[in-house]
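Below are the chains, spelled out letter by letter.
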Amino acid sequence: MKMLITGGAGFIGSHLCDKYTKEGHTVLCLDNFMSGNLMNIRHLLDYRNFKLIEGDIRNYELLDKVMRDVDTVFHLAAQIHVDRSYIEPQLTYEVNVMGTQNILEVARLYDAKRVIYASTSEVYGSAQHVPINEQHPLNAPHPYGASKIAADRMCYAYIQTYGMDISILRLFNTFGPRQRDIGYGGVISIFTRRVLSNVPPIIYGDGLQTRDYIYIDDAVRAYDLVLNHKEPITDPINFGSGTEVSILDLANKVIGFCGKKDSLRPIHVESRIGEVKRLIADSSKARKLVGWEAKCNFEEGLSKFVQWYKDYGLEERIKIE
Ligand SMILES: NC(=O)c1ccc[n+]([C@@H]2O[C@H](COP(=O)([O-])OP(=O)(O)OC[C@H]3O[C@@H](n4cnc5c(N)ncnc54)[C@H](O)[C@@H]3O)[C@@H](O)[C@H]2O)c1
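Predicted, not measured: the structure shown is a model, and the values here were computed from it.

Draft legend 1. Main features of the domain arrangement of the chain. Partitioning the chain into domains gives domain 1 (2-175 + 215-239) and domain 2 (187-210 + 243-280 + 296-320). A straight line from the C-alpha centre of domain 1 to that of domain 2 covers 26 Å. Carbon and sulfur atoms supply 63% of the area buried between domain 1 and domain 2, which totals about 1500 Å² over both sides. The three residues of domain 1 that bury the most area against domain 2 are M39, F175 and Y215, which together make up 36% of that side's buried surface. Across the domain 1-domain 2 interface, the total number found is one salt bridge. Of the charged contacts in the structure, one is a salt bridge between D83 and R272, with a shortest N-O distance of 3.1 Å. Where domain 1 packs against domain 2, one counts six residue pairs in polar contact (both at pLDDT 80 or more). At the level of secondary structure, the elements contributing two or more residues to the side of domain 1 that touches domain 2 comprise helix 3 (82-87), strand 7 (173-175) and helix 7 (216-227). Its residues assigned to classes, the side of domain 1 that touches domain 2 shows 10 nonpolar, six polar and four charged.

Following this line, the structure appears as structure tokens:
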């Protein structure tokens, strides 16, 4: 298979590049390195079936060249940072909505067999009922979530209008090796860096806001099951562990796994505007349709992540700086 993985130098995209390159598929990794990192894919550059294309999904002409004979598109490239989306809503819209529109349009033009779109649980906003199934209202309170809703719905419109085979994956908070803490990284990497540097984690508000975390291996398996599903999956599909973890609990667990229980405690600052209060997934559709369930529990994943961070994360951070 010839695959295009947009955002392939990012956290989740690079794990997909790893898997499919090593399985022998032809993998085109398209990334503009806005938040991606060459270190995530450097080891793949020697593979003849892997090609890195440094470019932007906002560049329609580039996509027109790259996507001519691609069978499958994994579309992950996005401006993913919620905080940045407050400061740069226009950029967030251009990348996440117009960039996705470009991908869909070129995929339509060249009859791509399947497009797999990285939507997100952030489209739901705070839970109005738990667990959150795919029928939950789309109430994202921030420009990032709003842009992901627009792109998610644009995928749906292309399915309905043109009969395209597009899968819309709504993964809940994904974590694991290669998730960076530079700039606005994921909360787990930020906490881990701080704690390993002997600085307390900062919690916005009381820390009782919750998230549903899935480990990267489970996320990759979700993508792979969707890829290999024979029939098109035309409705959005949730992937979450079904376990609710509060930010306070997360901070204390990171402190514990880093061995700093006796010296550090989280500090609390004012809550952030628009922060989602509760997220917990109902993934029964994923289980029924593609046989997916989270296999790695939160503590096991967190301990693997902290170990990776100790081995590589701090060292990489120093190299980058
Ligand atoms: N990490 C999560 O918890 C999570 C959960 C659900 C959905 N998602 C979605 O999965 C996707 C990947 O997220 P991630 O966590 O790996 O983030 P990431 O920031 O590591 O990856 C995004 C990648 O897209 C690239 N990119 C950004 N703008 C681009 C552009 N204009 N052209 C080309 N490349 C561009 C970045 O450089 C980066 O490599 C995103 O679409 C995100 O919304 C992430």
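Now, onward.
Draft legend 2. The arrangement of helix 1 (residues 11-22) in detail. Over its 12 residues, helix 1 extends 17 Å from the first C-alpha to the last, a length consistent with the 16 Å expected when each residue adds 1.5 Å. For helix 1, the buried fraction is high: 10 of the 12 residues fall into the buried class. Among all positions of helix 1, only F11, I12, G13, S14, H15, L16, C17, D18, Y20 and T21 are buried. Contacts made by the buried residues of helix 1 are with strand 1 (2-6), strand 2 (26-31), strand 3 (50-54), strand 4 (72-75), strand 7 and helix 7. Two residues or fewer past helix 1, G24 is found with a positive phi of approximately 95°.

Draft legend 3. Structural context of the sheet that holds strand 6 (residues 166-171). Taken in spatial order, the seven strands of this open sheet run 3-2-1-4-5-6-11, and their pairing is parallel. The sheet terminates laterally at strand 3 and strand 11 (237-239), the two strands that pair on one side only. Strand-to-strand twist across the sheet, computed as the mean angle between neighbouring axes with direction ignored, equals 20°. When strand 2 meets strand 3, the two strands line up parallel, connected through five bridges.

Draft legend 4. Just the pairing of strand 4, in detail. Burial along strand 4 is two-sided: the face carrying T72 and F74 and the face carrying V73 and H75 are both buried. With four bridges joining them, strand 1 and strand 4 adopt parallel strand pairing. If you follow M3 over to strand 4, its bridge partner there is T72. Pairing of strand 4 with strand 5 (residues 114-120) involves four bridges; the strand directions are parallel. The residue of strand 5 that forms the bridge with T72 is R114.

Draft legend 5. Geometry of the site of the ligand. By nearness alone, 29 residues border the ligand, and F11, D31, S35, L76 and Y144 come closest of all. For the ligand, an oxygen atom lies 2.8 Å from a polar atom in the backbone of F11. The leading source of residues in the shell around the ligand is strand 5, at three residues.

Draft legend 6. Focus on the nonpolar core. One finds F74, Y223, F239 and L250 to be the most contacted residues of the largest nonpolar core, which totals 56 residues. In terms of residue count, helix 7 provides more of this core than any other element does, seven residues in total. Looking at which domains feed residues into this core, each of domain 1 (2-175 + 215-239) and domain 2 (187-210 + 243-280 + 296-320) supplies at least three. Ranked by size, the runner-up nonpolar core spans 28 residues in total, among them V95, V106, Y158 and I168.

Draft legend 7. The environment of D31, seen in detail. Its location among the elements puts D31 in strand 2. For D31, a relative accessible area of 6% puts it in the buried group. Sequence separation of D31 and A77 is 46 residues, and the distance between their C-alpha atoms is 7.1 Å. When sequence neighbours within four positions are dropped, the list of residues in contact with D31 reads G7, G8, A9, G10, G36, I53, E54 and G55.

Draft legend 8. The arrangement of the pattern of salt bridges in detail. Scanning all chains against the criterion turns up 18 salt bridges. Here E23 ties to K19 by a salt bridge, and the two come within 2.8 Å at their closest N and O atoms. Exposure remark for E23: the relative accessible area of 44% places this residue in the partly exposed category. Among the residues examined, K19 registers a relative accessible area of 27% and is labelled partly exposed.

The rules behind the values
- Residues numbered from 1 in each chain as written.
- Predicted model: local features only at pLDDT ≥ 70, side-chain atom pairs only at ≥ 80, totals over all residues.
- Heavy atoms only, no water.
- Domains from an automatic or database assignment.
- Buried area = accessible area lost by both parts, 1.4 Å probe.
- Salt bridge = Lys/Arg side-chain N within 4 Å of Asp/Glu carboxyl O.
- Polar contact = N/O pair within 3.5 Å; in protein donor to acceptor, adjacent residues only side chain to side chain.
- Helix = DSSP H or I, 4+ residues; strand = E, 2+ residues; numbered from the N terminus.
- Nonpolar A, V, L, I, M, F, W, Y, C, P; charged D, E, K, R; others polar.
- Expected span 1.5 Å × (residues − 1).
- Buried < 20%, exposed > 50% of the residue type's maximum accessible area, 1.4 Å probe, protein only.
- Contact = heavy atoms within 4.5 Å.
- Pairing = 2+ DSSP bridges.
- Axes fitted to C-alpha atoms, helices over the stretch in contact; angles between N-to-C directions.
- Near = heavy atom within 4 Å.
- Core = buried A, V, L, I, M, F, W, Y, C linked by side-chain atoms within 4.5 Å.

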